[in-house]
Amino acid sequence: MLTNAPRGTKDILPDAVGAWTYVENVIRELCARYGYHEIRTPVFEHTELFQRGIGDGTDVVDKEMYTFTDRGERSLTLRPENTASAVRAYLQNKLYADGGLQKLFYIGSMFRYDRPQAGRMREFHQFGVEAIGGESPAVDAEAILLAYDFLTALGLKGLTLKLNSVGCPNCRPVYRDRLQAYFKEHLHELCGDCQDRYTRSPLRILDCKADADKPFMAGAPAITDCLCAECAEHFEEVQSHLTDAGVAYELDPRLVRGLDYYTRTAFEIAYPPLGAQSAVAGGGRYDGLVEELGGNPTPAVGFAAGLERVLLALEQQSLLPARPSDADVFIIALGDAAAHAAFPLLHALRQGGVRALMDYAGRSMKAQMKQANKSGARYAVILGDDELTQHVAVVRDMEQSTQESCSLDDMVKRLISEVKG
């Protein structure tokens, strides 16, 4: 018998689900304000989607994907991220037919083979948005503001917003050449992965954790010195919109993100108290991805936030709401006849919108009262043989420690009014 979940996965138990629901409710309310609509894509896709979308040679594709062959000999992959899936859905379902900007958001599980650690699991959960069809720098700024507002709405403070531009296919080759020229003399000092990246994707050397603190990394050329006029103007306007909105940011020329599809704007929001894994949200523009996956050239921008890291930050700062009570009303039925009479009352309360519970084990008055207290119910309804004879129930206010008898005919309406009023 298997008794443990696979390494890097975890059960989200009832006492923790409330925190997830709270964060998801904030997401849905905020996205509604920004005009984003929810999309739900399959948990697995054809492997080629991620190979083409994310890029061969990336750590995600080369090392981290959960890929398998199904019974039809098709190669399928559990989604390691959702941007490629959202773009595939955009194209397959012809969402572009409506014209204009498609604003989508998602909440769901992603899967990457990595060393499990705090806030970083092999099955993890992301909230993300994709704005497909808008090339204005204001769309970039709006996505960044949505990510920032999400974190601040949860109460997080001291956030650090880092911003960069990774250029476009016109100006990036110039930067690529300058990077290769710079790192050529340090090639022997780079880790094995970066020695491979030197030829295939030198920008990713800047994103390497193993080489990040080596002295020569600080002298690497900045991509912003190589931007073409259009990319430079776009980046300036993004910064202008953020400044006008009153959001502070810092420029980080080494911020390139880890995926091939990014163009122009790249950003990351960190919560420093989390330590080494402080990044809680990040994204940027990906103007070439729709075309790469078979569509017409279409500008797009988006971001994703890791919910495990967000919840860890909220827990550290005691920002999670208290767990709500399990019930508004708890019916204590003493004896078989009382239990039989209590059942339709329980159903009527629930139909009236009241969270109502009762004991089904026929336990003692003391045991049931203890269960009522544990449930957090505001009211306990006590029903025994004497009460049935008189066609009444005893309604006890658990907060005020007062009680009174109430007609069974009136009790349900009265409690619904008390709880809902």
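Residues numbered from 1 in each chain as written. Predicted model: local features only at pLDDT ≥ 70, side-chain atom pairs only at ≥ 80, totals over all residues. Heavy atoms only, no water.

Looking at an unreviewed UniProt entry, one finds the chain named Histidine--tRNA ligase, with Selenomonas timonae as its source organism. In the Subcellular location (unreviewed entry) part of its UniProt record, the chain is described as follows: "Cytoplasm". (UniProt positions renumbered as here; feature names shortened; annotations may be inferred.)

Draft legend 1. View of the sheet that holds strand 15 (residues 392–397). On the basis of which strands lie adjacent, the open sheet formed by five strands has the order 13-12-14-15-16 and mixed pairing. In the strand order of this sheet, the two ends are held by strand 13 (356–358) and strand 16 (402–407), each with one partner. When the angles between neighbouring strand axes are averaged without regard to direction, this sheet yields 25°. Each of strand 12 (329–333), strand 14 (379–383), strand 15 and strand 16 is contacted by helix 14 (residues 408–420), which is oriented at about 130° to strand 16, the strand it contacts most. (Pairing = 2+ DSSP bridges. Helix = DSSP H or I, 4+ residues; strand = E, 2+ residues; numbered from the N terminus. Axes fitted to C-alpha atoms, helices over the stretch in contact; angles between N-to-C directions. Contact = heavy atoms within 4.5 Å.)

Draft legend 2. Broad picture of the UniProt feature "binding site: L-histidine" (unreviewed entry) in the chain. Per the UniProt entry, the sites bearing "binding site: L-histidine" (unreviewed entry) are E81, N82, T83, R112, Q126, E130, R257, Y261 and Y262 in this numbering. Secondary-structure assignment places E81 in the loop between strand 4 (75–78) and helix 4 (83–92). Position of Y261 among the secondary structure elements: in the loop between strand 8 (250–251) and strand 9 (263–270). In this structure, Y261 is in contact with G53, I54, E81, T83, R285, Y286 and L289, ignoring residues within four places of it in sequence.

Draft legend 3. Quick peek at the pattern of salt bridges. Scanning all chains against the criterion turns up 19 salt bridges. One salt bridge connects E142 with K103, and the closest N-O pair in it is separated by 3.1 Å. One end of the pair, E142, is in helix 5 (residues 137–153); the other, K103, is in strand 5 (residues 102–111), with 39 residues separating them in the sequence. For K103, a relative accessible area of 16% gives the class buried. (Salt bridge = Lys/Arg side-chain N within 4 Å of Asp/Glu carboxyl O. Buried < 20%, exposed > 50% of the residue type's maximum accessible area, 1.4 Å probe, protein only.)

Draft legend 4. Examining the environment of S136 more closely. Locating S136 in the fold gives a position in the loop between strand 6 (123–132) and helix 5. The sequence separation of S136 and T83 amounts to 53 residues, and the corresponding C-alpha distance is 19 Å.

Draft legend 5. Looking closely at the domain arrangement of the chain. Each assigned domain of the chain is listed here: domain 1 (14–168 + 228–317) and domain 2 (329–420). Summarising the inter-unit geometry, the C-alpha centres of domain 1 and domain 2 are found 49 Å apart. (Domains from an automatic or database assignment.)

Draft legend 6. Structural context of the sheet that holds strand 4. Reading across from one edge, 2-4-3 is the order of the three strands in this open sheet, with antiparallel pairing throughout. In the strand order of this sheet, the two ends are held by strand 2 (44–46) and strand 3 (66–69), each with one partner. The mean inter-strand angle of the sheet, taken between neighbouring strand axes irrespective of direction, is 35°. Pairing geometry for strand 2 and strand 4, over three bridges, is antiparallel. Paired with F44 across the bridge in strand 4 is L78. Packed on one face of the sheet, helix 2 (residues 47–55) meets strand 2, strand 3 and strand 4 and runs near 80° to strand 2.

Draft legend 7. View of the side chain of K103. A polar side-chain atom of K103 sits 3.1 Å from a polar atom in the side chain of E142. Residues in contact with K103, not counting those within four places in the same chain, are Y34, G35, Y36, H37, E130, A131 and E142. (Polar contact = N/O pair within 3.5 Å; in protein donor to acceptor, adjacent residues only side chain to side chain.)

Draft legend 8. How the structure looks around the environment of L320. Looking at where L320 falls in the secondary structure, it is placed in the loop between helix 10 (307–316) and strand 12. Separated by 144 residues in sequence, L320 and R176 place their C-alpha atoms 45 Å apart. Beyond its immediate sequence surroundings of up to four residues, L320 is in contact with A19, Y22, L311, L314 and E315.

Draft legend 9. A look at the nonpolar core. In this structure, I27, F127, L146, F150, L151, F183 and I269 are the most contacted members of the largest nonpolar core, which totals 96 residues. The contacts of I269, once residues within four sequence positions are left out, are I144, A147, Y148, L151, L159, T160, L161, S278, A279, V280 and A281. The next biggest cluster of nonpolar side chains, apart from the first, holds 21 residues, and it includes L383, A393, C406 and L408. (Core = buried A, V, L, I, M, F, W, Y, C linked by side-chain atoms within 4.5 Å.)

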